[in-house]
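Here's the letter readout for the chains.
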Amino acid sequence: MDFTDKINATNAKNSFMLHNGIRLTEMGQDYAKVEAYLSRENRNLYGAVHGGMFLTMADCAAGGAARTNGMRYVTVSSSFEFYRNTEDNHLIAEGRIKNRGKTICVAEVEIHDGSGKPLCGGTFTLFCTGKLDELPEE
């Protein structure tokens, strides 16, 4: 299945991702990858990547992986662990579906820097809200 249209629509219309400099770069069945090139705005007072940036990227990767079946999802809970920070300005989050039911989907996400070093990861539980039609217009 070709996910090019879903990738392009997400990158054009997801204003929260755009605001945070996050782009959906890859999708496959039960898989999504998002990437970000960081700026000062993505870092905390001390120059470390802000935990909210990590969690936002992970949520985007989990949601992207969930939507590969053509349905809409919202996150209902997550469990997330931070391993280490990085000075690298390139982050990659990969989400994979661990289990998919009729209404509940569970995704595992890992975030690493451009060198491949794991930085954080977690589990996201998502609820299916119905069929994914066209993404809303801006």
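In what follows, the accompanying structure is described. The structure displayed is predicted, hence computed values, not measured ones. (Residues numbered from 1 in each chain as written. Predicted model: local features only at pLDDT ≥ 70, side-chain atom pairs only at ≥ 80, totals over all residues. Heavy atoms only, no water.)

Within a sheet, each strand pairs with its neighbour through backbone hydrogen bonds, oriented either parallel or antiparallel. Ordered by their spatial adjacency, six strands build an open sheet running β1-β2-β4-β5-β6-β3, and the pairing between neighbours is antiparallel. Two strands bound the open sheet, and with one partner strand each, they are β1 (22-28) and β3 (71-82). Here the average twist between neighbouring strands, direction ignored, is 25°. As paired elements, strand β2 (residues 31-37) and strand β4 (residues 90-100) share seven bridges and run antiparallel to each other. Counterpart to Lys33 in the pairing with β4 is Glu94. (Pairing = 2+ DSSP bridges. Helix = DSSP H or I, 4+ residues; strand = E, 2+ residues; numbered from the N terminus. Axes fitted to C-alpha atoms, helices over the stretch in contact; angles between N-to-C directions.)

Applying the stated rule across the entire model yields four salt bridges. For Glu26, the salt bridge is made with Lys33, and the minimal N-O distance between the two is 3.4 Å. On the accessibility criterion, Lys33 (17% relative accessible area) is buried. (Salt bridge = Lys/Arg side-chain N within 4 Å of Asp/Glu carboxyl O. Buried < 20%, exposed > 50% of the residue type's maximum accessible area, 1.4 Å probe, protein only.)

The subject of this paragraph is the nonpolar core. Ranked by internal contacts, the top residues of the largest apolar core, which has 34 residues, are Val34, Phe54, Met57, Val109, Ile111 and Leu126. Elements supplying a minimum of two residues to this core: β1, β2, α3 (51-66), β3, β4, β5 (104-113) and β6 (118-131). Top contributing element to this core by residue count: α3, with nine residues. Discounting chain neighbours no more than four positions away, the residues touching Phe54 are Val49, Phe80, Phe82, Asn85, Leu91, Ile111, Leu119 and Cys120. (Core = buried A, V, L, I, M, F, W, Y, C linked by side-chain atoms within 4.5 Å. Contact = heavy atoms within 4.5 Å.)

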